[in-house]
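Chains, contacts and geometry: an overview
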Number of protein chains: 2
Amino acid sequence: MSKSADDRRLSRKAYEARLPDVRAALVRMQSELKSSRVPLILVIAGAEASGKGDVVNILNGWLDPRGFETFAFHEPTDEERERPPMWRYWRTLPPAGRMAIYAGGWHADALREDPRSARELAQFDAMLRRFAWFEGQLAAAGALIVKVWLNLSKSAQKARLLELESDPRTAWQVSPDDWKSHRDYDRQARLAERMRNATHQSGAPWYVVEAEDPRARNLAVADILLARFRIHMRARSRLAAARGRRARRIVPLRPAGLRRLLSLPLDSKLSQAAYEKKRDKWLGRLNRAVREAGQERRSVVWVFEGWDAAGKGGAVRRLTYAIDARDFRVIQIAKPTDEEKAHHYLWRFWRHVPRAGLVTIYDRSWYGRVLVERLEGFATEAEWRRAYRELNEFELELVEHGMIVLKFWMHISKDEQLRRFRDREATLYKRHKINAEDWRNRRKWQSYEIAIGDMLSLTSSRHAPWHLVAANNKRHARLEILKISCRQVEAALGM
Amino acid sequence: MSKSADDRRLSRKAYEARLPDVRAALVRMQSELKSSRVPLILVIAGAEASGKGDVVNILNGWLDPRGFETFAFHEPTDEERERPPMWRYWRTLPPAGRMAIYAGGWHADALREDPRSARELAQFDAMLRRFAWFEGQLAAAGALIVKVWLNLSKSAQKARLLELESDPRTAWQVSPDDWKSHRDYDRQARLAERMRNATHQSGAPWYVVEAEDPRARNLAVADILLARFRIHMRARSRLAAARGRRARRIVPLRPAGLRRLLSLPLDSKLSQAAYEKKRDKWLGRLNRAVREAGQERRSVVWVFEGWDAAGKGGAVRRLTYAIDARDFRVIQIAKPTDEEKAHHYLWRFWRHVPRAGLVTIYDRSWYGRVLVERLEGFATEAEWRRAYRELNEFELELVEHGMIVLKFWMHISKDEQLRRFRDREATLYKRHKINAEDWRNRRKWQSYEIAIGDMLSLTSSRHAPWHLVAANNKRHARLEILKISCRQVEAALGM
């Protein structure tokens, strides 16, 4: 055995001497975590037989079991398979102040795919890209992500497999697949490295730990966790100090969207009779298209955004006439609940992602991040600025899973809004639809126009385009929505 | 056609004349519901071809789609199959102020079973009993449950099936199974009646509506819903007035439990060396038993209750040494979140019910209802009094699904608690474990004793017994818990 490998070995005595301090530090960390707004994500990944499960069990003995949960991903359940691949990871995420340990991480799911052909390799890379988005989104929002890769040389792996096999209590842990994987060591190592490179980023770096000596390995993992926690908490307190600064003057990031918005002709004529005739035709066609999508197990997601009183509720209502009541959900996005607030802002949208073949209609949506949250300062400038990219990533994940995403901005003029506000105030059964906040938002009309323009510019993608609908005339708007929806669904299905 | 049947028919003109009022009333109801603390559960069940789906779709057109969701239960998903049967219904329940429409209800799941043998009929009845518990629990907590059964005579059913078959747009709705079911009309009708009788109770009665004339049927459903809503809201406001009365003096309901509690010898001796030796033996045995349970897909649920500072955390920690970290969750029950508060108090426990084969350890539990909520007046007397039965029902559902439920009350003397509180205050790293509330609870020691005694008396069942553990000596308590757990798991598995 070489000198350097020998150096890495840690005597039982030295190990046990360090344990009390390490364990006390871990429990202190948990206590500090609990009173913070930080979720802690610890990934223990690694080569075959490197002891991922052992490390997780050891940590479990050291930590206060009330402060964390452990996850290992096996075969996806059918509820998971019916949703975009990242859904199963999102649903396990710890809220602020809590910790989750992932044995193998999501990364093990990718490596299990064992890509061989060029096509499989492209799928593998697409999966890694989604991991990088996922971790990037979480890290940017302040999650502490600690990813450890347990490394094992080929000879050490062999020795470890033989050792496990020789003990009747552990022999069951070694399967023929493990030996097959061992013979394929070099290729597996290259894939793992490709995975680590593709998912190594600021905020979610990989730490490679030599796993040959279990004692040294265990302490190394604990040390990395503790060090990263300390650094993270210091960085957080600096960030907190920088927070809460007043929003700067609202200026467009990309004026093309604003121009598009301002140049939309808003007044269209459409008689009731002409409307009804066309409506029934398009409702029938949409019903057929949505049923066809359902049969192909493709979900349809509608996103309705628009000015207060632009007619979102009425449009949603007319739309639902085309869909079997058992096949859709309407989700009204209001203030997040406290559970939602304890998570990443996208978590509450992930949790409602529909099962394959079902329809979800969002009355307001994730775009609140770049509209009200931008303008009211609920999100910092850094937060809403990076949200454009995050929202595109989110929608691309839906579309890549086969979902059809329809986005509508319902546009009315400022005068038309005023007429509708006054009508609401004057009509008894409409009065609950208007409140002081609506009037407050109205006073920020021009700022909203800029934010809407940026949203249109920066989040209208080929896979999920924004449809701008002139809504001063309600009949016209409703018919437009039916037509555009119908055409987009049909096009997506190749009908 | 007889005169009376003719009377039931409603002309299109009469129907359309009533629609504007009915629709306005429904939307007003939704608006009123939204600002209430009431969840509204509407079940549309009925005979084959009675138009359950049509009624749901019609209501859907009449209601504001943003205020409710519609559910129909088909084949359970694998995540649902891995949990007790009622889990899938609990997870869909609307929160306070919202409405859910159930096409077929849970009742359709029972009727689909189509029991033939005496054994199947017993299972059918057991399922109905669970429905009655479920609805009874929800209704008692203030949910408005409206259950409509759409009735169709045999000849009307035949006419309806033929009519559906003759139209190419609806022919797909009629399957050979439907005709088979039609030929079996009388038996099916008897089963449906048995189901209705078993699940008809105050707070969740069945309304039978003749479905032969679709227009009359639609209006009848809306009228029942509106009438029940009005009655419910009036009753609620009376209830609200009765609420908030001061709790009466705490007296035992069933003194046997209190006597059992007070007669427990609390001080036991156990040397560190003797403890360690025995502990390792029992940990190994428990590890084997829990793995065996996992292989049989049976979940183990531990419930830890006890005085503040009784050593629950430490006991949980020692217990988890016996279990693979990937196989268990520790759930600490603190204040409910706002989502949880918007649901029935048992909802938050249902949502964490483990999948088959996994272990869940509750650090505090649903027993808060009859302890802190009883003593602090968070639950009214009617609420905590009926909770004993509800908690027994809940646990029986877990056990009937094959789960093993272990319940521990960790008991210390008042003096011992004082020593531990003082020790916590004096020790820097323990100080976070004690706060003013702990001292406040301590002052109510005698009241708590009474509540604990009642809990022991009234919720210690053969299927989920309470284990009372003397915990003045921590080593003794931990070993007792290991031993008792081990024996109960082994006994449940027939090991």
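Residues numbered from 1 in each chain as written. Chains lettered and ligands numbered in written order. Predicted model: local features only at pLDDT ≥ 70, side-chain atom pairs only at ≥ 80, totals over all residues.

1. Some remarks on the overall build of chain A
We apply this condition: In this text, helices come from DSSP runs of H or I with a minimum length of four residues, and strands from runs of E with a minimum of two, each type numbered from the N-terminal end. Neighbour counting defines burial: a residue surrounded by 20 or more other C-beta atoms within 10 Å of its own C-beta is buried, one with 12 or fewer is exposed, and intermediate counts give partly exposed, using backbone-placed C-beta atoms. Each residue is represented by a C-beta atom placed from its backbone, and any two residues with such atoms within 7 Å are regarded as in contact.
When helices and strands are counted, chain A shows 22 helices and ten strands. With the C-alpha coordinates of chain A rotated into their principal frame, the extents come out at 90 × 50 × 35 Å. Residues counted as buried form 35% of the 495 residues belonging to chain A. Within chain A, contacts between residues separated by at least 24 positions form 83% of all contacts whose residues are at least 6 apart in sequence.

2. Describing the sheet that holds strand 2 (residues 68–71) of chain A
Within a sheet, neighbouring strands are paired by backbone hydrogen bonds and run either parallel or antiparallel to one another. Residues and elements named next belong to chain A. For the record, the criterion: Note: two strands are recorded as paired if DSSP finds a minimum of 2 bridges between them. Note on geometry: axes are C-alpha line fits, over the in-contact stretch for helices, and angles between N-to-C directions span 0 to 180 degrees.
With parallel pairing, five strands are arranged side by side in an open sheet as 2-3-1-4-5. Lying at the two open borders of the sheet, with one neighbouring strand each, are strand 2 and strand 5 (206–210). The mean angle between the axes of side-by-side strands here comes to 20 degrees, regardless of whether they run parallel or antiparallel.

3. Looking at the sheet that holds strand 3 (residues 99–103) of chain B
Residue and element names in this part refer to chain B. Pairing is parallel across the open sheet formed by five strands, whose spatial order is 2-3-1-4-5. If you trace the sheet from one side to the other, it starts and ends with strand 2 (68–71) and strand 5 (206–210), each paired once. Between one strand and the next, the sheet's axes are offset by a mean angle of 20 degrees, whatever the strand orientation. Where strand 2 lies against strand 3, four bridges are found, and the strand directions are parallel. Residue pairing for strand 3: Glu69 is matched across the bridge by Ala100.

4. Things to note about the nonpolar core
Residue and element names in this part refer to chain A. Quick reminder of the rule: We define a nonpolar core as a collection of buried residues of the types Ala, Val, Leu, Ile, Met, Phe, Trp, Tyr and Cys that are connected via C-beta atoms lying within 7 Å of each other.
Grouped together as the largest cluster of nonpolar side chains are 118 residues, with contacts concentrated most on Leu42 and Ile44. In terms of residues, this core owes the most to one element, helix 22 (residues 474–493), which gives seven residues. For Ile44, the residues in contact, after removing those within four places along its chain, are Lys52, Val55, Val56, Ile101, Tyr102, Ala103, Val148 and Val221.

5. Concerning the relation of the copies chain B and chain A
We apply this condition: Copies overlap after least-squares fitting; the atoms used are the C-alpha atoms of residues with pLDDT of at least 70 in both.
Overlaying chain B on chain A yields an RMSD of 0.0 Å, the required transformation being a rotation through 180 degrees with an accompanying axial translation of 0.0 Å. The symmetry that links the two subunits is that of a two-fold axis. Comparing interface residues between copies, 100% of those in chain B also lie at the interface in chain A; the contact surface is shared.

6. Some details on the domain arrangement of chain A
All names here are of chain A. Note the following rule: Those domain boundaries reflect an automatic or database domain assignment. Classes in brief: Ala, Val, Leu, Ile, Met, Phe, Trp, Tyr, Cys and Pro nonpolar; Asp, Glu, Lys and Arg charged; the others, Gly included, polar.
Domain parsing of chain A yields domain 1 (3–239) and domain 2 (256–493). The distance between the C-alpha centroids of domain 1 and domain 2 comes to 40 Å. At the junction of the two partners, domain 1 supplies 17 residues and domain 2 supplies 17 residues. Among the elements that take part in the side of domain 1 that touches domain 2, helix 7 (residues 118–140) stands out by supplying five residues, more than any other. Here the side of domain 1 that touches domain 2 is built from residues that sort into eleven nonpolar, one polar and five charged.

7. Let's talk about the interface of chain B and chain A
Size of an interface, as often reported, equals the accessible area lost when the parts are brought together. The interface is formed by 32 residues belonging to chain B together with 33 residues belonging to chain A. Mapped by element, the contributors of at least two residues to the side of chain B that touches chain A are helix 2 (12–34), helix 3 (52–62), strand 2, helix 4 (78–81), helix 14 (312–320), strand 7 (328–332) and helix 15 (338–341) of chain B.

8. Thoughts on the environment of Arg183 of chain B
All names here are of chain B. With respect to the helices and strands, Arg183 occurs in helix 9 (residues 176–183). By C-beta crowding, Arg183 is classed as exposed, having 11 other C-beta atoms within 10 Å. It is 54 Å that separates the C-alpha atoms of Arg183 and His467, two residues lying 284 residues apart in sequence.

9. Examining the packing of helix 12 (residues 255–262) of chain B against helix 21 (residues 445–459) of chain B
All names here are of chain B. Applied cut-off: Orientation categories follow fixed angle ranges, with anything under 35 degrees roughly parallel, anything over 145 roughly antiparallel, 65 to 115 roughly perpendicular, and all other angles oblique. By convention, the crossing between two helices is left-handed when the near helix turns anticlockwise from the far helix through less than a right angle, and right-handed when the turn is clockwise.
With their axes 6 Å apart at the nearest point, helix 12 and helix 21 run at an angle of 110 degrees to one another. Accordingly, the angle class assigned to the pair helix 12 and helix 21 is roughly perpendicular. Taken as a pair, helix 12 and helix 21 cross one another with a handedness that is right-handed. Contacts between helix 12 and helix 21 involve Pro255, Ala256, Gly257, Leu258, Arg260 and Leu261 from the first element and Glu449, Ile450, Ile452, Gly453, Asp454, Met455, Leu456 and Ser457 from the second. Of the residues in the contact of helix 12 with helix 21, the class split is eight nonpolar, three polar and three charged.

10. Description of the confidence of the model for chain A
Predicted coordinates in areas of low pLDDT are best not read in detail. Residues and elements named next belong to chain A. Just so we agree on the cut-off: On a scale of 0 to 100, pLDDT captures the predictor's confidence in every residue.
The pLDDT averaged across chain A works out to 92; a share of 97% of its residues lies at or above 70. Counting contacts from residues 1–6, a segment whose pLDDT is below 50, to residues more than four positions away or on other chains yields one contact. Taken together, the chains of this predicted complex give a pTM of 0.88 and an interface ipTM of 0.82.

11. Notes on the environment of His107 of chain A
All names here are of chain A. Within the secondary structure, His107 sits in helix 6 (residues 107–113). The class of His107 is buried, set by 23 C-beta atoms lying within 10 Å. Sequence separation of His107 and Leu253 is 146 residues, and the distance between their C-alpha atoms is 36 Å. Those residues in contact with His107 that sit more than four places away from it in its chain are Val43, Ala45, Phe131 and Met195.

12. As for unusual backbone geometry
A positive phi angle, close to 70 degrees, is found at Ala309 of chain A, a residue other than glycine. Checked against the element boundaries, Ala309 of chain A lands in the loop between strand 6 (300–306) and helix 14 (312–320). A tally of 23 C-beta atoms within 10 Å means that Ala309 of chain A is categorised as buried. Of note, Asp114 of chain B is a non-glycine position whose phi angle comes to about 50 degrees, a positive value. Structurally, Asp114 of chain B is set in the loop between helix 6 (107–113) and helix 7 (118–140).

13. Details of the environment of Glu296 of chain B
In this structure, Glu296 of chain B sits in the loop between helix 13 (272–295) and strand 6 (300–306). Spatially, the C-alpha atom of Glu296 of chain B lies 8.7 Å from that of Leu493 of chain B, the residues being 197 residues apart in sequence.

14. Digging into the packing of helix 14 of chain B against helix 22 (residues 474–493) of chain B
Geometry of a packed helix pair, given as the angle between the helix axes and the separation of the axes. All names here are of chain B. Between helix 14 and helix 22, the least distance of the axes is 10 Å, while the angle of their chain directions is 45 degrees. When the interaxial angle is binned, helix 14 and helix 22 end up oblique. Classified by chirality, the crossing of helix 22 by helix 14 is right-handed. Residue-level inspection shows Gly314, Ala315, Arg318 and Leu319 of helix 14 in contact with helix 22, the latter providing Lys474, Ala477, Arg478 and Ile481. A breakdown of the residues in the contact of helix 14 with helix 22 according to their chemical character gives four nonpolar, one polar and three charged.

15. Focus on the pairing of strand 6 of chain B
All names here are of chain B. Counting buried residues in strand 6 gives seven out of seven residues, a clear majority hidden from the surface. Along strand 6, one buried face is formed by Val300, Trp302, Phe304 and Gly306 and the opposite face, lined by Val301, Val303 and Glu305, is buried too. Of the strand pairs in this sheet, strand 6 and strand 8 (residues 359–363) are connected by five bridges, and their pairing is parallel. Looking at the pairing, Val303 lines up with Tyr362 of strand 8. Sheet topology places strand 6 next to strand 9 (residues 404–411); seven bridges connect them, and they run parallel. Following the sheet pairing, Trp302 is matched in strand 9 by Leu406.

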